[in-house]
Amino acid sequence: MYKLVMDGRDKMKETEMQEELLEAYLSIWNNRKVTDGGGREVLSELIRRELLDENAHPRARKPVLEKFYLSIKRVMQSSLSNEMKTAIAMAYVTELERL
């Protein structure tokens with residue numbers, strides 16, 4: 001029973017962390033809004049769209065690795081805590097590996 005209670009707390013803590021991560025991500029990028037809640041799936045989709053440069057006109061899109069570099073640079077130059085910067089950078093790495 002104790003294990004079940006702890007697993008539930010860990011899940012809740014993970015969800016809260018994902019929400020904080022999404023808020024931190026949105027604070028870096030201007031004009032980015034999320035209306036359908038948050039969580040891992042939303043952050044993952046936002047990062048994927050950023051890496052594929054889907055927010056730009058097709059003729060102005062940059063290569064994935066260039067977008068990755070520019071995105072990581074922007075994250076690292078932000079005023080976020082080092083823990084948040086690292087977490088967001090790892091989310092970018094994870095999404096880059098999926099592409």
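Residues numbered from 1 in each chain as written. Predicted model: local features only at pLDDT ≥ 70, side-chain atom pairs only at ≥ 80, totals over all residues. Heavy atoms only, no water.

Colleague: How should the environment of Phe-68 be read in this particular structure?
Modeller: Checked against the element boundaries, Phe-68 lands in helix H3 (residues 64–76). For the pair Phe-68 and Val-93, spaced 25 residues apart in sequence, the C-alpha separation works out to 8.4 Å. Beyond its immediate stretch of four places on either side in the chain, Phe-68 contacts Leu-51, Tyr-92, Val-93 and Leu-96. (Helix = DSSP H or I, 4+ residues; strand = E, 2+ residues; numbered from the N terminus. Contact = heavy atoms within 4.5 Å.)

Colleague: In this structure, what is going on with the side chain of Ser-71? I would like to understand it.
Modeller: Along the chain, Ser-71 turns up in helix H3. Take Ser-71: its relative accessible area is 1%, and that puts it in the buried class. From its side chain, Ser-71 meets the backbone oxygen of Lys-67 in a polar contact 2.8 Å long. Discounting residues that sit within four places of it in the chain, Ser-71 has contacts with Trp-29, Glu-50 and Tyr-92. (Buried < 20%, exposed > 50% of the residue type's maximum accessible area, 1.4 Å probe, protein only. Polar contact = N/O pair within 3.5 Å; in protein donor to acceptor, adjacent residues only side chain to side chain.)

Colleague: Sorry if this is basic, but what is going on with unusual backbone geometry here?
Modeller: A negative phi holds for most residues other than glycine; trans holds for most peptide bonds. Residues other than glycine seldom take positive phi values, yet Asp-53 does so here, at roughly 60°. Here Asp-53 shows up in the loop between helix H2 (40–51) and H3. Taking relative accessible area as the criterion, Asp-53 reaches 7% and is therefore assigned buried.

Colleague: Can you help me understand the side chain of Lys-67 in this one?
Modeller: Here Lys-67 is to be found in helix H3. Judged by its relative accessible area of 11%, Lys-67 is buried. Within polar-contact distance, the side chain of Lys-67 engages the side chain of Glu-50 at 3.0 Å. Residue contacts for Lys-67: discarding those within four places in its chain leaves Glu-50, Leu-51, Asp-53 and Lys-62.

Colleague: Even after reading the chapter, I still don't get the packing of H3 against helix H4 (residues 82–98), so can you show me in this structure?
Modeller: Packed helix pairs are characterised by how far apart their axes lie and by the angle those axes make with each other. Between H3 and H4, whose axes approach to 9 Å, the crossing angle comes to 170°. The angle between H3 and H4 falls in the class roughly antiparallel. Along its contact with H3, which presents Val-64, Leu-65, Phe-68, Ser-71, Ile-72, Val-75 and Met-76, the element H4 presents Lys-85, Ile-88, Ala-89, Tyr-92, Val-93 and Leu-96. Its residues assigned to classes, the contact of H3 with H4 comprises 11 nonpolar, one polar and one charged. (Axes fitted to C-alpha atoms, helices over the stretch in contact; angles between N-to-C directions. Parallel < 35°, antiparallel > 145°, perpendicular 65-115°, else oblique. Nonpolar A, V, L, I, M, F, W, Y, C, P; charged D, E, K, R; others polar.)

Colleague: Would you mind going over the packing of aromatic side chains with me for this structure?
Modeller: Any pair of aromatic rings gets described here by the distance separating the centres and the angle formed by the planes. Throughout the structure, instances matching the rule amount to two aromatic pairs. Here Tyr-25 and Trp-29 contribute two aromatic rings whose centre-to-centre distance is 6.1 Å and whose plane-to-plane angle is 45°, an arrangement assigned as tilted. Residue Tyr-25 shares its accessibility class with Trp-29, and that shared class is buried. When the ring of Tyr-25 is compared with that of Tyr-92, the centres are 6.3 Å apart and the planes differ by 40°; the resulting orientation is tilted. (Phe/Tyr/Trp six-rings, centres within 6.5 Å; stacked < 30°, edge-to-face > 60°.)

Colleague: Hey, could you run me through a negative patch on the surface in this one?
Modeller: On the surface, a cluster of negative charge is contributed by Glu-16, Glu-20, Glu-23 and Glu-83. Topologically, Glu-83 is positioned in helix H4. According to the relative accessible area criterion, Glu-83 is exposed, its value standing at 57%. (Patch = residues over 30% accessible without salt bridge, like charges linked within 9 Å, V, L, I, M, F, W, Y side chains within 5 Å. Areas by Shrake-Rupley, 256 points an atom, 1.4 Å probe, with all protein chains shown as cover. Salt bridge = Lys/Arg side-chain N within 4 Å of Asp/Glu carboxyl O. Lys, Arg positive; Asp, Glu negative; His and termini not counted. Charge placed at Lys NZ, Arg CZ, Asp CG, Glu CD.)

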